Amino acid sequence: MPRKSDAAKMEEVGIEIDGDLSESDDGATQRRGNRRQAGGRGGVKGRGRGKKPASDDDDDDEDDEEEDEAPRGRRGANRKKLAKKRGGNDDEDESEDEPPKRKRGGAANKKKGGKAQDSDEEDSDVGKGKKGKKGGGKKGKKEEEEEETKGKKGDGKGKGKGKGKDDDKDKKKKKKKGDSSSDSNSNSSEEEESMSEGEMARLMEEVEEKKKLIANIRNKPWRMQRRLKLLKEAQEFVDKFEGALGKGKGRKWYAYKVMMTKKWIKFQRDFENFRTACIPWERKIKEVESHFGSSVASYFIFLRWMYGMNLVLFGFTFGLVVIPEVLMGLPYGSIPRKTVPRAEQDTAQDYSVLMDFNGYCKYSVLFYGYYNDQRTVGVLKFRLPLSYLMVGIGTFGYSLMLVIRTMAKNADVGGGDGEDSDFTFAWKMFTSWDYLIGNAETADNKYASITTSFKESIVDEQENQKDENIHLRRFLRVLANFLITCSLGGSGYLIYFVVKRSQEFATRDDLSWYEKNEMEIVMSLLGLVCPPLFETIAELEDYHPRIALKWQLGRIFALFLGNLYTFLFALFDEVNTKLEEEQSIKNASIWAMKEYYANYSRLMNDSEATPPPMDPADVIRGPCWETAVGIEFVKLTVSDIQVSYLTILIGDFARAVIVRFLNYCWCWDLEAGFPSYGEFDISGNVLGLVFNQGMIWMGAFYAPGLVGINVLRLLSSMYYQCWAVMATNVPHERVFKASKSNNFYMGLLLLVLFLSLLPVVYTIMTLPPSFDCGPFSGKDKMFDIIMETIDLDLPAFMGTLFSYAANPGLIIPAVLLMVLAIYYLNSVSEAYQNSNMELKKKMKMARDEEKNRRNNADTTNQVMKDLEDLLPNRSLIPPAPPEPEKPPEQEPKPKPTKTKPGTAGKGVNLQKDVALASSNPNARGPVSRPPGPRGPGPGPGAGPGRGRGRGPPPR
Amino acid sequence: MGTTASQLSKESLSEYQELTFLTKQEILLAHKRFTELLEKHEKEQIDARVPIGRIITLPELKSNPFKERICQVFSTSEQKDGSLTFEDFLDLLSAFSDSATLEIKSHYAFRIFDFDDDGTLDCADLEKLVNCLTGETNDAKLSSTEMKQLISNILEESDIDKDGTVNLSEFQHVISRSPDFVSSFKIVL
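Analysis parameters
Residues numbered from 1 in each chain as written. Chains lettered and ligands numbered in written order. Predicted model: local features only at pLDDT ≥ 70, side-chain atom pairs only at ≥ 80, totals over all residues. Heavy atoms only, no water. pLDDT = per-residue confidence, 0-100. Helix = DSSP H or I, 4+ residues; strand = E, 2+ residues; numbered from the N terminus. Contact = heavy atoms within 4.5 Å. Disulfide = S-S within 2.5 Å. Buried < 20%, exposed > 50% of the residue type's maximum accessible area, 1.4 Å probe, protein only. Patch = residues over 30% accessible without salt bridge, like charges linked within 9 Å, V, L, I, M, F, W, Y side chains within 5 Å. Areas by Shrake-Rupley, 256 points an atom, 1.4 Å probe, with all protein chains shown as cover. Salt bridge = Lys/Arg side-chain N within 4 Å of Asp/Glu carboxyl O. Polar contact = N/O pair within 3.5 Å; in protein donor to acceptor, adjacent residues only side chain to side chain. Phe/Tyr/Trp six-rings, centres within 6.5 Å; stacked < 30°, edge-to-face > 60°. Lys NZ or Arg CZ within 6 Å of the ring centre and 35° of its normal. Core = buried A, V, L, I, M, F, W, Y, C linked by side-chain atoms within 4.5 Å. Axes fitted to C-alpha atoms, helices over the stretch in contact; angles between N-to-C directions. Parallel < 35°, antiparallel > 145°, perpendicular 65-115°, else oblique. Left-handed = near helix turned anticlockwise from the far one by under 90°. Nonpolar A, V, L, I, M, F, W, Y, C, P; charged D, E, K, R; others polar.

Residues and elements named next belong to chain A. Averaged over all residues, the pLDDT of chain A is 69; the fraction at 70 or higher stands at 60%. Averaged over each element, pLDDT in chain A is lowest for helix 28 (residues 906-918) (40) and highest for helix 22 (residues 705-728) (91). Taken as a whole, residues 1-193 scores under 50 in pLDDT and shows 280 contacts with residues more than four places along the chain or in a different chain. Note on residues 414-419: pLDDT under 50 across the span, and nine contacts to partners over four residues away in sequence or across chains.

Put into structure tokens, the structure is as follows:
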């Protein structure tokens, strides 16, 4: 019952608010009225919702309290007084910014307050007044909250400055309204236990106050002083009345809750502080940012992100695989897979062998082959093989999740639709300055680039497109793409050729250093030569730098990818030959073992004696293709590190040194002329990072140590590159902002992740593991380890459960369900998009309507007008004095408009002037003139811009 | 940091955290940097003001074309001389911080671009803005026809109610769709 009546009340409040609004803020647009109505309606809902979190006790109390709101007559008066006071306060605050509007609102407030006071008896006790205010304020409060959040959502975009104040004003009004309505409604109900009820109300007030204070105060564009004052007031208030609660179960609970929230908020803040303190390299990146703008910094931020991700991967791999094996597994030399074969032992410690990751390196925890296939290790019965597989899969799972989550977050932050090219000029104007730039040279470059971009876009706008050039440009672009495709194909073939050759070499022993490392060298060289080549070719295309960067990235990406996959295919060939080889070696190994035992028993002449085990170094081994793959990846990674560091050292540092010091004795200016200093190559570096990560993902399963190497690499390159960029590079000539390219990087990363997932999963699922090395030796397939665990370690019913789950009868429906879900989500998102479009249209329409209304208040929007007429108390507000209409002749003449030859100038101009004059928003009085035609809208070409270059309209 | 930090009481520190988008470390750093700008004898005063001339020597603001405007906008000084108290300074940093909302940022951006403080961006404001963005050197300046074309284009795009000026809500409408406003409207100490 109480709830229902409350709802009814609420409706009334909503309407009254509207009425109030139309009284006090006559000129306010109807739209706002609507919003407020919605707020009122929302209040009802908010009521229902607001109750949920409160405990049962609270709930009861509340209900009680609602029923007897009667005794609030006298408090109501105080309330009003207070409201008035606050209104006045508000007034003063608001006068800071927009005097005229504010004054009106304030006046209305005061008037309201005054009126209410007249009708009620006087009460001088201020303290009581405060209390009273709380009592009735409760309901209004809820509304306020609702209203606030609504307002936030509703016009978060639209109106910022006015909003805060408007909200406040509304709140005040609403409070009063709510009070008076509740008063009138509850006059009939009886009075009882006013104290507790008042307190309850106070509690609500506090909650509201606190919420408002914490959530919103920093969002207000006010002066610190004012915010500080408000905050202090609010806090004092809360503290004061929080102290007053002290009896009753519910109250205690409530106080406890409040305290906990306080503590929780404080904890959150501290935690946030702690977290930001933990983010490393803030200052380094900031320094780079201020020198080179945000695009270069975006690379370092990406690097840092990558480092964080790899640190987690490193934690998993080392914590769950490497360290258990080292601590609890068999030591080195105990079994064949952990021992260097006798044939290699002489050279196993040579530097060159170690640098190739052979010798001792090959038989160490860094690689797959070292791990034993014991089901459990140590006293803890740690299931190492299972953990190995899980970590391998988990690495991919975690990376995938992280990348996708980051992408989603970035997309979220990116704000509206960036594709919208409606605002090219305005964006250039308002958002092109990068406030992070703190370096004079960069600033100069930025000035220059902004100027050129202004000039370019003006020229574009003027000539639309250079017709005589378009064919040439198209031809050049096609040519460029052709050249790049050629070089991509060439590099792919080259790698294939080299890999084939290296397989040939593998059978021979007399190899020079070059022949041994041919593949790595060629791949690194290609990575070194091709990107600049592409860049040179891209000059032909003449794209905007941001677009050019993306093309460049895409091309280098294709290059790297092609190389990587050629490399992979070659590797697979090798693996397959090794697998064939393995069978015969396995037989040989078994035969040798038998022979050994036979020999032993023959020599000893004692078939009963158990022979000592064969020396692990002498056992014949299989080729262990997993370790071979791991070594390839590690070698590739290491050579990549070397090449990129050497490039920086030679390409940037040496160049900078030469340019700097030879400049004193050279015949032309080296700094300004040909070599000059290097620019930081964002695209190359980002792609290098992405591909390096791809290699890590692919290789980590076969070489757990690779993750550790990578962490070291990222850590060192953070410092090294930061130093290099600050010491040797100059800012880009055309500084441009990174904008959303972060998500572009992430997209590349995701693609690489997916592509590197494929081969690894393929090998895990199809290839048989080596028979004598690695944690899965002896199994048919690597994933058999899972089956084994299910069979042996889990209770029997789990096994049957899994066998059911693996049944095609279940899997196919599951896949079907997923497809359906995808379809469903897809169509839902489409529907959302449609409704988005619809809303946009509506906004446009509303805007048009508004314009029309301004032009002529009488003719448009009949429905709204009718509504206004129906509202009560319309007569109470004196009609706003009709402002004298300004005839268009008195307008300051527009600056000599720039007409283009060949456009029908005159007539349109005149009409436009009329329209503009009547669209003066302040001229509220009815305009007798029919609305002028709106002139050609945002038409293309010549029309726009004419007649608008004039001073501000009279206010 | 220890000595300077003692000047900020714990209370006001937590209040500042409540009121700004800054974290504790940032506030402490801001305080340190601010006191460095103060004269010796001013260091004890709570509401000491740093004149605009010294504020804009901060490396973070030094090459910003809007440095004077920024100081003017955030200054609470009665003489309109653009001097900043510590609280004004915090206000500034908060508005330019990483976590400030688009609304706050666009509000202050509007105030910064509104050179004559009349609440709208009119042609004169836009012209000044363009001049700020293209730098002081003469060869970079746009010609007057280019300027006119540019301004008319901007008004064409963003002046929704066609009154010849860009007001705050129109400005925010434009800004809110820009992909990189929030990321570039940033100053970090």
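Quick look at the state of the cysteines now. Residue and element names in this part refer to chain A. Within the structure shown, the criterion is met by one disulfide over all chains. A disulfide bridge connects C624 with C773, and the sulfur atoms are separated by 1.8 Å. Its S-S torsion of approximately 95 degrees makes the covalent link between C624 and C773 right-handed. Here C773 lies in the loop between helix 23 (741-766) and helix 24 (784-792) and C624 lies in the loop between helix 19 (545-604) and helix 20 (625-662), a separation of 149 residues in the sequence. Judged by relative accessible area, C624 falls into the buried class, the value being 9%. Owing to a relative accessible area of 4%, C773 belongs among the buried residues under this scheme.

A surface patch of nonpolar side chains, amounting to about 810 Å² of accessible area, comprises L646(A), L649(A), I650(A), F653(A), V657(A), F661(A), Y664(A) and W723(A). Secondary-structure assignment places W723(A) in helix 22.

Further remarks concern the pattern of salt bridges. Residue and element names in this part refer to chain A. For the coordinates displayed, the defined rule picks out twelve salt bridges over all chains. For R337, the salt bridge identified is with D373, shortest N-O distance 3.9 Å. With a gap of 36 residues between them, R337 in the loop between helix 11 (282-328) and helix 12 (351-355) and D373 in the loop between helix 12 and helix 13 (384-413) connect regions that are remote in the sequence. On the basis of relative accessible area, R337 is assigned to the buried category, the value being 11%. Relative accessible area serves as the criterion here: at 29%, D373 is assigned to the partly exposed category.

Before going further, it helps to examine the side chain of T728(A). Residues and elements named next belong to chain A. With respect to the helices and strands, T728 occurs in helix 22. Residue T728 is classed as buried on the basis of its relative accessible area, which comes to 4%. Looking at T728, its side chain comes within polar contact range of the main-chain oxygen of A724, at 2.7 Å. Polar contacts involving the side chain of T728 include one to the side chain of N729, which spans 3.1 Å. Sequence-distant contacts of T728, that is, excluding residues within four places in its chain, are made with D652, F653, A656, Y677 and G678.

How two aromatic rings sit relative to each other is set out by the distance from centre to centre and by the angle between their planes. What the rule picks out here adds up to 46 aromatic pairs over all chains. When the centroid spacing of 6.1 Å and the interplanar angle of 65 degrees are considered together, the rings of Y368(A) and Y702(A) count as edge-to-face. Highlighted residues: Y368(A) in the loop between helix 12 and helix 13 and Y702(A) in the loop between helix 21 (682-699) and helix 22, separated in sequence by 334 residues. The exposure class assigned to Y368(A) is buried, which follows from its relative accessible area of 0%. Members of the aromatic cluster, joined through ring pairs, are F430(A), Y435(A), F66(B), F74(B), F96(B), Y108(B), F110(B), F113(B), F171(B) and F185(B). Positioned above the aromatic ring of F661(A), the side-chain terminus of R660(A) is 5.7 Å from the ring centre.

This next bit is on the nonpolar core. In terms of nonpolar packing, the biggest core is built from 100 residues, with F300(A), F302(A), F633(A) and F701(A) touching the most fellow members. By residue number, the principal contributor to this core is helix 11 of chain A, which donates 15 residues. When residues no more than four places from it in sequence are discounted, the contact partners of F300(A) are I285(A), V288(A), F680(A), M718(A), Q721(A), C722(A) and V725(A). One finds I437(A), I27(B), I112(B) and F115(B) within the second-largest nonpolar core, a separate group that totals 81 residues.

What follows concerns the confidence of the model for chain B. Regions with low pLDDT carry predicted coordinates that are not meant to be interpreted in detail. Residues and elements named next belong to chain B. Of the residues in chain B, 91% reach a pLDDT of 70 or more, and the chain-wide mean stands at 79. In the model of chain B, helix 1 (residues 2-5) stands out as the element of lowest mean pLDDT, 42, in contrast to helix 8 (residues 102-113), which has the highest, 86. Scored below 50 in pLDDT, residues 1-6 shows six contacts in the model against residues more than four places distant or in partner chains. Both confidence scores are given for the complex: pTM 0.65, ipTM 0.84.

Right, let's talk about helix 7 (residues 86-95) of chain B for a bit. Where burial is concerned, most of helix 7 of chain B is hidden: ten out of the ten residues are buried. Buried within helix 7 of chain B are the following residues: F86(B), E87(B), D88(B), F89(B), L90(B), D91(B), L92(B), L93(B), S94(B) and A95(B).

Looking now at the packing of helix 6 (residues 67-74) of chain B against helix 8 of chain B. Residues and elements named next belong to chain B. Where helix 6 contacts helix 8, the axes come no closer than 9 Å and their chain directions differ by 115 degrees. Taken as axis vectors, helix 6 and helix 8 run roughly perpendicular relative to one another. In the crossing of helix 6 with helix 8, the sense of the turn from one axis to the other is right-handed. In contact with R69, I70, V73 and F74 of helix 6, helix 8 contributes Y108, R111 and I112. Across the contact of helix 6 with helix 8, the residue classes tally to five nonpolar, no polar and two charged.

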